[in-house]
Amino acid sequence: MQELYFEEKTFMRIAFIYKFFPSLGGVERVITTLANGFVREGVYVRIYSFRQPLQEPAYPLDSRISIVPLPSQGRIDSLENISFLSQEIKEQQIDILFNHDSVSDSVHFCHKVKKLSGVKFVTIHHGQIFLPSASLRTIAGRYGRNNLRNILFPLYCIYDIARKYIHHHNNIRMNDMYVVLSETYRRQLDSGQKVQVVANPLSFGSCFEMDRYGEKENLVIMVGRLSEVDKRFSTALDVWKRIEADRRYNNWTFEIVGDGDDRDYVAHLIDDRRLERVRMVGRAASEPYYTRAKIFMMTSAFEGFPLVLLEASQKACVPVVMDSFETVHDLLISGVNGEIVKNNDVEMFTEKVKLLMSDSRYLCSMAENAVRNSSGYASEVIVRKWLDLFNKVLES
């Protein structure tokens, strides 16, 4: 692959590492946003990846950033990959190895590279620390009623908490800094200064201009990977079925933006419920849909720090979200810049969506608050937090 060099003087050199890049998803968008932001600040950036699901980045990537595949596609922590990346880090004079995959094999791989190269090693965990019991129940349900996870569900919950606690503390031990997305997650780990908090950045360059709010359509959207287990599109379609049954909302439509393994399943659910005002968009740039829509629905069983909530808020698309993950309370104040509904309460979720549809002043006020709140996650703000953190790591 042709080398790309920075013309300007750089003050820090960072190697991103992620298993699957370029690819499509929230982590990939975060990596792209941060990498572009670092380059604008004069940082030298390279991205290393184990596998490359896409031939080209799904999101615009600065042309000065090289994407470098690891040589072995068998195991990420193979001796060939360890030797290759260690040598690359020495030759490129990398200061920080910035890992975006907190699963054990990736962290052990990076730790071995750290020991050989002497590079500082920082991992960000992109998900929740512990899943709430309702989310674990959803996962257990995949295995059937007679599976031990369901039969011994209280013990399964205890086991899951213990397993994840040990996993994260092993990660903390191997890293120079371990970063989570929320103060709530940091408190759960209770590991002093070695665990820090940096939120995800906004994806889009500008916020919605509220003087254009009248151009928005009576449109509800969901945006994300079509995966039933975690996103629970069936729940969202149950909500929409109730809305379609109410003639007062005949002028509202629902669009699902995204693609994934469960596309056919979601299409079957729409047909089975005989829904008429639902459209599956497929894979598409999401910004135009946020800009058009007034309401965003999220019925996920679990999330980490979902970019889609920030994206919707940035574009004055008011979120209605099930209370299935802790960081929803970091992002939303229910009744102010969105609505938070008790997990699995389809009836209340439907009522909250109907309330927003019925009261245009309330909806517009909430949209304005959503835009205002999102400004704290501007990419330049988050990039600066990361660079400050990296400087502390290098000084330690």
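Structural data are supplied above this passage.
Residues numbered from 1 in each chain as written. Predicted model: local features only at pLDDT ≥ 70, side-chain atom pairs only at ≥ 80, totals over all residues. Heavy atoms only, no water.

Caption draft 1: Region of the structure containing the packing of helix 9 (residues 233–244) against helix 10 (residues 263–272). Contact geometry for helix 9 and helix 10: axes closest at 10 Å, N-to-C directions at 20°. Classified by the angle between their axes, helix 9 and helix 10 sit roughly parallel to one another. Crossing of helix 9 against helix 10: the hand is right-handed. The segment helix 9 lies against helix 10, with Phe233, Ser234 and Leu237 engaging Val266, Leu269 and Ile270. Split by residue class, the contact of helix 9 with helix 10 holds five nonpolar, one polar and no charged. (Axes fitted to C-alpha atoms, helices over the stretch in contact; angles between N-to-C directions. Helix = DSSP H or I, 4+ residues; strand = E, 2+ residues; numbered from the N terminus. Parallel < 35°, antiparallel > 145°, perpendicular 65-115°, else oblique. Left-handed = near helix turned anticlockwise from the far one by under 90°. Contact = heavy atoms within 4.5 Å. Nonpolar A, V, L, I, M, F, W, Y, C, P; charged D, E, K, R; others polar.)

Caption draft 2: Main features of the sheet that holds strand 10 (residues 278–282). One open sheet accounts for six strands, arranged 10-9-8-11-12-13; its pairing is parallel. One side of each edge strand has no neighbouring strand; the edge strands of this open sheet are strand 10 and strand 13 (339–342). Neighbour to neighbour, the strand axes of the sheet diverge by 25° on average, direction disregarded. Sheet analysis places strand 8 (residues 219–223) next to strand 11 (residues 295–298), joined by two bridges and oriented parallel. Of the residues in strand 11, the one forming a bridge with Val220 is Ile295. Strand contacts of helix 12 (residues 307–314): strand 8, strand 11 and strand 12 (318–323), with the helix running at about 170° to strand 11, the strand carrying the most contacts. Across the face of the sheet, helix 14 (residues 346–358) comes into contact with strand 8, strand 11, strand 12 and strand 13 while running at roughly 170° to strand 12. (Pairing = 2+ DSSP bridges.)

Caption draft 3: Quick look at the packing of aromatic side chains. Within the structure shown, the criterion is met by twelve aromatic pairs. Each ring, one from Phe38 and one from Phe98, has its centre 6.5 Å from the other, and the planes form 40°; the classification is tilted. Here Phe38, found in helix 1 (residues 26–40), pairs with Phe98, found in strand 4 (residues 96–99); they are 60 residues apart in sequence, far enough to count as distant. Aromatic side chains Trp386 and Phe390 sit 5.5 Å apart centroid to centroid with 35° between the ring planes, which places their arrangement in the tilted category. Here Trp386 pairs with Phe390, and both are found in helix 16 (residues 379–395), just four residues apart, close to one helical turn. (Phe/Tyr/Trp six-rings, centres within 6.5 Å; stacked < 30°, edge-to-face > 60°.)

Caption draft 4: Layout of the sheet that holds strand 4. If you trace the seven strands from one edge of the open sheet to the other, you get 3-2-1-4-5-6-7, paired in parallel fashion. Both edges of this open sheet fall to strand 3 (66–69) and strand 7 (195–197), since each of them pairs with a single strand only. For this sheet the average axis-to-axis angle between neighbouring strands, irrespective of direction, equals 25°.

Caption draft 5: A look at the pairing of strand 5 (residues 120–124). Of all five residues in strand 5, four are buried; the element is thus mostly enclosed. Pairing geometry for strand 4 and strand 5, over four bridges, is parallel. Its bridge partner lying in strand 5, Phe98 is registered against Val122. Taking the sense of rotation as the criterion, the β-α-β connection linking strand 4, helix 3 (residues 104–117) and strand 5 turns out right-handed. The pairing of strand 5 with strand 6 (residues 177–180) spans three bridges and is parallel. Looking at strand 6, one finds that Ile124 is bridged to Val179. (Buried < 20%, exposed > 50% of the residue type's maximum accessible area, 1.4 Å probe, protein only. Right-handed = clockwise from strand over helix to strand, strands pointing away.)

Caption draft 6: Seen up close, the pairing of strand 11. The two faces of strand 11 match: Ile295 and Met297 on one face and Phe296 and Met298 on the other face are all buried. Bridge count for strand 11 against strand 12 is four bridges, and the pairing is parallel. Counterpart to Met297 in the pairing with strand 12 is Val320. After leaving strand 11, the chain enters helix 12 and then returns to the sheet as strand 12, a path that is right-handed.

Bear in mind that shape data such as this cannot, by itself, settle questions of function.
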